[in-house]
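# Residue-level structure breakdown
Below are the chains, spelled out letter by letter.
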Amino acid sequence: MLAALILAFVGLAAFPVSASAATAYTTGTLNVRSGPGPGYARIATLPAGHRVTVLDCQGSWCAIRAAGIRGWASANYLDRAYVSRPIVVRPHIIVRPPHYRPHRPHKPHRPRPGKCKIAPGFACK
């Protein structure tokens with residue numbers, strides 16, 4: 001009985017669950033499929049630079065786990081090194097017609113000093 005228990009334990013230790021799992025990153029927009037090939041249904045799409053766990057590979061297709069899903073992806077879009085996406089700066093360009101004038105707030109009319117039409121000795125408002 002003890003010998004069978006020891007053999008069972010040694011047998012389980014010989015096949016570690018995560019020994020073949022590796023971390024990789026997507027190099028472009030990646031379709032995750034239900035099987036190893038383009039004929040299988042698309043389960044999800046991952047963006048470039050997304051971290052995935054590669055579980056197993058068969059030919060040019062790898063079983064992956066990412067974002068809570070498991071599926072198959074083309075190995076051509078996976079890389080072990082992290083590929084950062086470039087930062088794209090899109091300037092906010094405003095195109096206005098040639099006759100455009102910026103809006104100026106209305107100022108109340110105040111008479112100029114020296115041109116006051118009130119009786120002498122009274123200040124203009």
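These figures come from a predicted structure and were not determined experimentally.

Cut-offs applied
- Residues numbered from 1 in each chain as written.
- Predicted model: local features only at pLDDT ≥ 70, side-chain atom pairs only at ≥ 80, totals over all residues.
- Heavy atoms only, no water.
- Core = buried A, V, L, I, M, F, W, Y, C linked by side-chain atoms within 4.5 Å.
- Buried < 20%, exposed > 50% of the residue type's maximum accessible area, 1.4 Å probe, protein only.
- Helix = DSSP H or I, 4+ residues; strand = E, 2+ residues; numbered from the N terminus.
- Contact = heavy atoms within 4.5 Å.
- Pairing = 2+ DSSP bridges.
- Disulfide = S-S within 2.5 Å.
- pLDDT = per-residue confidence, 0-100.
- Polar contact = N/O pair within 3.5 Å; in protein donor to acceptor, adjacent residues only side chain to side chain.

## Things to note about the nonpolar core
The tendency in soluble globular proteins is for nonpolar side chains to be buried side by side. Ranked by size, the top nonpolar core spans 11 residues in total: A24, L30, V32, L46, V52, V54, C62, I64, A66, A73 and L78. The set of elements that each furnish at least two residues to this core consists of β2 (30-33), β4 (51-58) and β5 (61-66). When residues in this core are grouped by element, the largest group, three residues, is from β5. With near-sequence residues (within four places) excluded, A24 lies in contact with H50, R51, V52, V54, L78, D79 and R80.

## A closer look at the pairing of strand β1 (residues 22-26)
The element β1 is extensively covered by neighbouring structure, given that four of its five residues are classed as buried. Relative to strand β7 (residues 78-79), β1 runs antiparallel, the two being bridged by two bridges. Opposite Y25, over in β7, you have D79 as the bridge partner.

## Quick word on unusual backbone geometry
If you check the backbone angles, A67 has positive phi at about 55° while not being a glycine. Its location among the elements puts A67 in the loop between β5 and β6 (69-74).

## A word on the state of the cysteines
Applying the stated criterion across every chain yields a total of one disulfide. Each disulfide pairs two cysteine sulfurs, and for C57 the partner residue is C62, the sulfurs being separated by 2.1 Å. One disulfide, between C57 and C62, carries an S-S torsion of 95° and so falls in the right-handed class. According to the relative accessible area criterion, C57 is partly exposed, its value standing at 39%. With relative accessibility at 4%, the residue C62 sits in the buried group.

## Brief notes about the side chain of T53
Its location among the elements puts T53 in strand β4. For T53, the residues in contact, after removing those within four places along its chain, are A21, A22, A63, I64 and R65.

## As for the environment of A44
Summarising the element assignment, A44 is placed in strand β3 (residues 42-46). For A44 and A67, which are 23 residues apart along the polypeptide, the C-alpha to C-alpha distance reads 9.7 Å. Once you skip the residues sitting within four places of it in the chain, A44 turns out to touch L30, N31, V32 and I69.

## Observations regarding the confidence of the model for the chain
On average, residues of the chain score 74 in pLDDT, and 65% of them are at 70 or above. Here residues 1-19 is modelled with pLDDT under 50, and outside its nearest four sequence neighbours on either side it reaches zero contacts, counting other chains as well.

## Structural notes on the side chain of R33
Inspection of the secondary structure puts R33 in strand β2. Within the structure, the side chain of R33 is placed 2.9 Å from the backbone oxygen of Y40, a separation counted as a polar contact. With near-sequence residues (within four places) excluded, R33 lies in contact with P38, Y40, A41, R42, I43, W61, G71 and W72.

## Structural notes on the environment of L46
Among the secondary structure elements, L46 is positioned in strand β3. As a C-alpha pair, L46 and T26 span 20 residues in sequence and 7.7 Å in three-dimensional space.

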